[in-house]
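# Per-entry structural report
The primary structure of each chain is shown beneath.
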Amino acid sequence: MKSPIHAIPQLYRNVRRWTEILSILSKFGLADWISRLRIDFVKDTLKSSAGESLARIPAAKRMRMAMSELGPTFIKLGQLLSARPDLVGGDLSEELSHLQDRVDPEPFHEIKATLEDELGQSLNDVFAWFDENATATASIGQVHRAQLENGTDVAVKIQRTGVAQTIKADLEILAGLAQWADRIDELKPFRPRQIVAELTRSLKRELDFGREERNLHQFHGKSAKLKQVDIPAPMTEFSTPKVLTMEFLQGNKLTDVDGWASQNIDPDQIVQTLVDVQLRMIFDDGFFHADPHPGNILIQQNGRIALLDFGLVGRIGESPREDIEDMLFSVFNDDVAMLSAAVSRLCDFPSNLDDGALERDLTDFVGQYSSRSVGEFQIAAVFNAMFEIVRRHQLRLPDEAMLLLRVMITLEGSARKLSPGFQIIEALKPIHRKLMLRRLSPHRQLRKLKRLGSQFEKMAETMPRKLSGIIDQIRTGKIDINLDHRRLGSSVNRLVLGMLTSALFLGSALMLAQEVPPLLFATQTFWGMKNLSLLGTL
């Protein structure tokens, strides 16, 4: 942890940004304080850029507005927190999910300078034509249509000028704030330092367009197995860490029903194909598109689906996938034991966990949802209720598991926009049967035995050395044993008080038996009782 002295250069270096952040936070914080007053005319003193009275806006929406005004780093922080209802709760998570990462386009001359500097060539030497108007904008980059000299239509994503420096300064500020917040007991359950570390990793990946290019290569290699789905091919020769050139795919957004409904395309078939592809990515490969909101899904003229924006992808191992599957189907099958086992395997538990309370909450959770028919079974409601239990008991879900669950919620929401009666649980049933057969397959069992054998082999190799180290520590008196008593505070206090009382009584009795002076009355009437021993036996 950095000392306050080491933090001084950082504070000085980012003083301007600190001023901007504190100004915005103070405005929204003051609005929160004013909102608690019962004086109506005072509540209209602070207004948003759209002219809304901030004090009359719900707290969750004010937080979303503040993050939007603070810029790209805080927008990404809000989007990250929106995927962690286990930390911030369902209401705030839902509000933050509406954060829009859209800004005004950067002037073309600045974009052109970045493009030519990255490619090392003049714009006219690379492209037959280049659209100066951006087709999509975001806080980190913007996309322009163009055509290569060979006639290939492409989309070119260019990083905005200076955004990397702004994000670096913001991350330094957030790291300092996280260290401060981690010392406050009320904020510790939110794990501020871990959240900032996760945000830092996410933004560094997003700033590296080369990573997205590699993701596109991987997914494009699998596109032959993804029927009715197209993925843009990356153009490595015209891509750098700040420029990504890829195949241009023409189509209408998923929600633009009027744009593709006239082509005799069945919405239910589109939904079925989209969900089937995404679930196969998750449960077959463990490598999936992690942002399937409607803006990243196009319906092409030939009826095929195009997936865009592979900056955010998910990877999850076989065991966590099985645990998540068990969690979902344990609810549908009214199996509390399976749910408890899946939660215990998937989550990290705090030291002060109340096992009985968790078991009661899980039983109530299963009872609430298992009785519902398939038509009433909404995966978003189920997962949000589960997230509330996780947050209440301060459990820790792995980041990749949280991402997968949020993808399934987003996928269900996108599907229901086209087909309100769609049930993702029905789409999961054949996959569930397939995965159960895969679990029991001899090939998988053999692979699992090999993995366990390798683990035992490594343990056998390291165990003698570790035991030898422990014996040496015991022999030299360097070993420490720490005992962690859970929920025993009041019991320990009573135990100590009882031991002290017993010691006082026994000591007084011994003094009384040995006639230790001074005597209360040195007469036969009191048999030589002493004042101190008499008081101790009372």
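Please refer to the structure placed before this passage.
Remember, predicted model here, so these are calculated numbers, not experimental data.

Let's shift gears to the pattern of salt bridges. If you walk through the whole model with that rule in mind, you get eight salt bridges. The salt bridge partner of Glu212 is Lys157, with a shortest N-O separation of 2.9 Å. In this pair, Glu212 is assigned in helix 11 (residues 209–222) and Lys157 in strand 4 (residues 153–159), connecting sequence segments 55 residues apart. Neither Glu212 nor Lys157 differs from the other in exposure class; each is buried. The partner of Arg392 in a salt bridge is Asp361, and the shortest N-O contact between them spans 2.8 Å. Taken together, the residues Arg392 in helix 17 (residues 379–392) and Asp361 in helix 16 (residues 355–370) connect sequence positions 31 residues apart. Classification of Arg392 as partly exposed rests on a relative accessible area of 47%. A single salt-bridge network, built from bridges that share partners, covers Asp323, Asp326 and Arg345.

Let us now look at the packing of helix 3 (residues 59–70) against helix 4 (residues 72–82). Running from N to C, helix 3 and helix 4 cross one another at 140°; their axes reach a closest spacing of 7 Å. Two secondary-structure elements touch here, helix 3 through Met67, Ser68 and Leu70 and helix 4 through Phe74, Ile75, Leu77, Gly78 and Leu81. Here the contact of helix 3 with helix 4 is composed, by residue class, of six nonpolar, two polar and no charged.

Now for the sheet that holds strand 7 (residues 252–253). Spatially, four strands are ordered 5-10-9-7 in an open sheet, and the strand pairing comes out mixed. Every interior strand has two partners, whereas the edge strands, strand 5 (229–230) and strand 7, have only one. Here helix 13 (residues 267–285) sits on the sheet and contacts strand 5, strand 9 (297–299) and strand 10 (305–307); the angle it forms with strand 10, its principal contact strand, is near 40°.

Following the criterion strictly, the structure yields two cavities of 30 Å³ or more and no others. Lining the largest cavity, in full, are Phe283, Glu318, Arg321, Glu322, Glu325, Leu435, Arg438, Arg439 and Arg444. Of all the secondary-structure elements, those providing two or more residues to the lining of the largest cavity are helix 14 (318–332) and helix 19 (424–439). The leading source of residues in the lining of the largest cavity is helix 14, at four residues. The class makeup of the residues in the lining of the largest cavity is two nonpolar, no polar and seven charged. Estimated volume of the second largest cavity: approximately 30 Å³. Along the walls of the second largest cavity sit Met327, Leu328, Val331, Phe365, Val382, Phe383 and Met386, which together make up its complete lining. Put simply, the parts of the chain that give the lining of the second largest cavity at least two residues each are helix 14 and helix 17. Looking at the lining of the second largest cavity residue by residue, the class counts come to seven nonpolar, no polar and no charged.

In total, this model carries four aromatic pairs according to the counting rule given. Aromatic side chains Phe108 and Phe130 sit 5.9 Å apart centroid to centroid with 45° between the ring planes, which places their arrangement in the tilted category. Here Phe130 lies in strand 1 (residues 127–130) and Phe108 lies in helix 7 (residues 108–119), a separation of 22 residues in the sequence. The buried category is assigned to Phe108, whose relative accessible area is 19%. For the pair Phe219 and Phe287, a centre-to-centre distance of 4.3 Å together with 20° between the ring planes defines the contact as stacked. Taken as a pair, Phe219 in helix 11 and Phe287 in strand 8 (residues 287–289) lie far apart in primary sequence, 68 residues in all. In this pair, the class of Phe219 matches that of Phe287, namely buried. Above the ring of Phe209, the side-chain terminus of Lys157 is found at 5.0 Å from the ring centroid.

Reading the values: the criteria
Residues numbered from 1 in each chain as written. Predicted model: local features only at pLDDT ≥ 70, side-chain atom pairs only at ≥ 80, totals over all residues. Heavy atoms only, no water. Salt bridge = Lys/Arg side-chain N within 4 Å of Asp/Glu carboxyl O. Helix = DSSP H or I, 4+ residues; strand = E, 2+ residues; numbered from the N terminus. Buried < 20%, exposed > 50% of the residue type's maximum accessible area, 1.4 Å probe, protein only. Axes fitted to C-alpha atoms, helices over the stretch in contact; angles between N-to-C directions. Contact = heavy atoms within 4.5 Å. Nonpolar A, V, L, I, M, F, W, Y, C, P; charged D, E, K, R; others polar. Pairing = 2+ DSSP bridges. 1 Å grid on protein atoms, 1.4 Å probe; cavity = no way out; pocket = protein on both sides within 12 Å on 5 of 7 lines; lining within 4 Å. Points joined across faces, edges and corners; volume = space filled by probe spheres on them. Phe/Tyr/Trp six-rings, centres within 6.5 Å; stacked < 30°, edge-to-face > 60°. Lys NZ or Arg CZ within 6 Å of the ring centre and 35° of its normal.

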